[in-house]
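# Reading the structure
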Amino acid sequence: MKSKNIFSIAFGASVILFDVLFWKEKTGLNVFLFSGFLVGVMMVLYPERIKHLPVKITLVGTLLTAATVVVNNSILSVAVHIFSMLAFIGFVHRGQLGFIGSAIGSNFLRSIELPLLFSEKMYTSTTEFNGLPKIWRVIKLIGFPALGLFLFFQIYISANSKFAALSRDFFALFDFLSFDSQNSISIGHVMFILLGAILTAMALLPAKFSLFESLESMQTDDIEKKKSNFKSWFCNPGSMIGLKNEFRSALILIGSLNVLLFLVNLVDVRYVWFNTLEASPAILSQYVHEGTWLLILSILLSMGILSFYFRGNLNFFKENIWLKRLSFMWIAQNAVLACSVAARNYQYVDHYGLAYKRIGVGVFLIMTLFGLATMVIKVNEKKSLFYLLKMNGWSVYLVLVMSCLLNWDVLITKYNLTAETKSAIDTEFLIYDVSDKNLFLLNRYIDDLETDDPTALVKVISKEKAFKNKRAGTTWVSWNWPDHRNKKYLK
């Protein structure tokens, strides 16, 4: 079967499947089924692309996160799955890319080029099959005038209230055409199918624009020595004096920053690591949040400053041994700063239990430590800024995928209800802020909740009603384990 025939069949089947699985449904088994089908279609259409390592990694990540949508059904798992799917699509259509940000960014270009790609695909398909109508010609003949008519109609009914009232009376005669899904033909349903067609076309159609490939082709992982075109802020291009002056500047700056960060770490070790005094929620919150922002700023500045100074010939300067040593010391001290934030976060959790932001701090620290490790490699092995971006992009992706494996809603609830924290249970947080994935636990530990909040039972019952209303009308395609467990327990 010719590739154009395969594309036409695959496109139609994907749109139909999208409608069947997602119309009036919630996320669950449908995400896994549709993603698996779409991945399979792309492997058939572009079999040679699957050999690339980035495609293989994002393929596994996409299927894994789709499974976590069924198993955990969290906002995080859905968001990371979409992120992974976009990366997979980008790498399939642009196999030469190495930076995951470029793969995701290429999808936004595809949304711009989509009309051109689709028109070409439909034209070649309709000319090949003599029995089919010229769909694209019909769209140009009728579709564009209809779009213009609809646009001006909306303007006129907005500007003239009497015309709008008469229009409503006229369209009321056609009850079968409405956004109401109970009618025989739903405009909202038609628009939903159109959305599925657009998303499917973005995934299946081959890419044309190669902006990100062109940008990456100009980048390398290793820095090369430049003999005659060295540029410096300190002297004219090509001057060895300029290189020496920049070296002295870097030595003074990084040396001074080492001293400053040492004092900051010394204070943290003394008053945070080994502080056994009780702290108020406000103080602990300030410790965690301010420490996190300080860490973010320190890491970004250190990466920026080191990337600037080690961007070119300074990597090959014979006298730069002490500059490298000071750089390694600065990176190590940033790691100590990360440990200080981890200590503050641990104290916060020990006193007041788990929360989303406290877990987020821990995830960020893992990515930070990896970023510091890549900085050591960059300085020691003369790697480029592109290398840093590429490696840290992949670390962020892998950490996000791994974080989807846990049901954080259940973990937070169970820890806060069973751990011997120094404060009372925050029932408001567990009932209103944590998703309904924890309903079965709230019922199981209702006596403990009522100890700290006498109205806890009423609040939990209200949460149960909201859960039942949310799942009403859904079918088996919306099945997921957390909802199944809640429904089973509530019975």
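This report concerns the structure included in the present document. (Residues numbered from 1 in each chain as written. Predicted model: local features only at pLDDT ≥ 70, side-chain atom pairs only at ≥ 80, totals over all residues. Heavy atoms only, no water.)

### Overview of the overall build of the protein chain
On a plain count of helices and strands, the protein chain comes out with 20 helices and two strands. Within the protein chain, contacts between residues at least 6 apart in sequence are counted, and of these 74% link residues at least 24 apart. Of the accessible surface of the protein chain, which amounts to about 27,000 Å², a share of 69% is contributed by carbon and sulfur atoms. (Helix = DSSP H or I, 4+ residues; strand = E, 2+ residues; numbered from the N terminus. Contact = heavy atoms within 4.5 Å. Areas by Shrake-Rupley, 256 points an atom, 1.4 Å probe, with all protein chains shown as cover.)

### Notes on the packing of aromatic side chains
Applying the stated criterion to the full structure yields 11 aromatic pairs. Seen in terms of ring centroids, Phe-18 and Phe-34 are 5.6 Å apart; in terms of plane orientation they differ by 65°. Their pairing is edge-to-face. You can see Phe-18 sitting in helix α1 (residues 3–22) and its partner Phe-34 sitting in helix α2 (residues 29–45), a full 16 residues away along the chain. The burial state of Phe-18 is the same as that of Phe-34; both residues are buried. (Phe/Tyr/Trp six-rings, centres within 6.5 Å; stacked < 30°, edge-to-face > 60°. Buried < 20%, exposed > 50% of the residue type's maximum accessible area, 1.4 Å probe, protein only.)

### As for the layout of surface pockets
Quantified by volume, the second largest pocket comes out at close to 530 Å³. Together, 18 residues line the second largest pocket, and Phe-18, Phe-34, Ile-82, Met-85 and Leu-199 are the ones closest to its centre. Residue assignment for the lining of the second largest pocket shows that the elements contributing at least two residues are α1, α2, α4 (75–93) and α8 (187–204). Element by element, the count of residues in the lining of the second largest pocket is highest for α4, at six residues. Among the residues making up the lining of the second largest pocket, the classes are represented as 13 nonpolar, five polar and no charged. (1 Å grid on protein atoms, 1.4 Å probe; cavity = no way out; pocket = protein on both sides within 12 Å on 5 of 7 lines; lining within 4 Å. Points joined across faces, edges and corners; volume = space filled by probe spheres on them. Nonpolar A, V, L, I, M, F, W, Y, C, P; charged D, E, K, R; others polar.)

### Let's talk about a nonpolar patch on the surface
A cluster of nonpolar side chains, Leu-64, Met-402, Leu-405, Leu-406 and Leu-411, forms an exposed patch at the surface whose accessible area comes to about 420 Å². Of note, Leu-411 is situated in helix α15 (residues 408–418). Looking at Leu-411, the relative accessible area reads 37%, which means it is partly exposed. (Patch = residues over 30% accessible without salt bridge, like charges linked within 9 Å, V, L, I, M, F, W, Y side chains within 5 Å. Salt bridge = Lys/Arg side-chain N within 4 Å of Asp/Glu carboxyl O.)

### Here's the deal with the environment of Ile-331
With respect to the element layout, Ile-331 can be found in helix α12 (residues 321–352). Along the primary structure Ile-331 and Leu-306 are separated by 25 residues, whereas in three dimensions their C-alpha atoms are 9.8 Å apart. Excluding anything up to four places from it in sequence, Ile-331 contacts Leu-306, Leu-372, Met-375 and Val-376.

### Looking at the nonpolar core
Judged by nonpolar contacts, the single largest core of 41 residues is most densely connected at Phe-22, Met-42, Phe-88, Phe-91, Ile-100 and Leu-204. Looking at this core, the elements that each hand over two or more residues are α1, α2, α3 (53–71), α4, α5 (100–128), α8 and α14 (385–403). (Core = buried A, V, L, I, M, F, W, Y, C linked by side-chain atoms within 4.5 Å.)

### Focus on α4
The periodicity of an α-helix, 3.6 residues per turn, causes residues three or four places apart in sequence to face the same way. The end-to-end C-alpha distance of α4, which contains 19 residues, comes to 27 Å, matching closely the 27 Å that a straight helix rising 1.5 Å per residue would cover. All of the buried residues in α4 are Ser-77, Val-80, His-81, Ser-84, Met-85, Ala-87, Phe-88, Ile-89, Gly-90, Phe-91, Val-92 and His-93. (Expected span 1.5 Å × (residues − 1).)

### Some thoughts on the pattern of salt bridges
Within this structure, the stated rule accounts for eight salt bridges. Salt-bridge contacts for Asp-436 lead to Lys-470; the nearest nitrogen and oxygen are separated by 2.9 Å. Of this pair, Asp-436 sits in the loop between α16 (427–433) and α17 (439–444) while Lys-470 sits in helix α19 (residues 456–471); the two residues are 34 residues apart in sequence, bridging distant segments of the chain. Classification of Lys-470 by relative accessible area gives partly exposed; the value is 29%. One salt bridge connects Asp-483 with Arg-471, and the closest N-O pair in it is separated by 2.8 Å. Within this pair, whereas Asp-483 is found in helix α20 (residues 481–490), its partner Arg-471 is found in helix α19, the two being separated by 12 residues in sequence. A relative accessible area of 2% places Asp-483 in the buried class.

### Description of the environment of Lys-488
One can find Lys-488 in helix α20. In this structure Lys-488 comes out as exposed when scored by relative accessible area, which is 62%. Separated by 48 residues in the primary sequence, Lys-488 and Phe-440 place their C-alpha atoms 8.9 Å from one another.

### Some words on the side chain of Ser-307
Summarising the element assignment, Ser-307 is placed in helix α11 (residues 281–309). Look at Ser-307 and you get buried, because its relative accessible area is 10%. In contact with Ser-307, other than residues within four places in its own chain, are Lys-378, Leu-385 and Leu-388.

### Examining the environment of Tyr-356
For Tyr-356, the location among the structural elements is in helix α13 (residues 356–381). The sequence separation of Tyr-356 and Trp-408 amounts to 52 residues, and the corresponding C-alpha distance is 8.0 Å. Not counting residues within four places of it along the chain, the set of residues in contact with Tyr-356 comprises Asp-409, Ile-412, Phe-429, Asp-433, Val-434 and Ser-435.

### So, the packing of α2 against α8
In the contact formed by α2 and α8, the axes pass within 10 Å of each other and the chain directions differ by 40°. If you check the angle between α2 and α8, you find them oblique. Considering only the axes of α2 and α8, their crossing is right-handed. Listed contacts from α8 to Phe-34, Leu-38, Val-41, Met-42 and Leu-45 of α2 are Thr-200, Ala-203 and Leu-204. When the residues that make up the contact of α2 with α8 are grouped by side-chain class, the tally is seven nonpolar, one polar and no charged. (Axes fitted to C-alpha atoms, helices over the stretch in contact; angles between N-to-C directions. Parallel < 35°, antiparallel > 145°, perpendicular 65-115°, else oblique. Left-handed = near helix turned anticlockwise from the far one by under 90°.)

### Section: unusual backbone geometry
In most cases, non-glycine residues show a negative phi, while peptide bonds are predominantly trans. With phi around 55°, Asn-73 is a residue other than glycine that occupies positive phi space. With respect to the element layout, Asn-73 can be found in the loop between α3 and α4. For Lys-382, which is not a glycine, the phi torsion comes out positive at approximately 60°. Accessibility expressed as a relative area gives 24% for Lys-382, which makes it partly exposed.

These results come straight from atomic positions and should not be treated as a statement about function.
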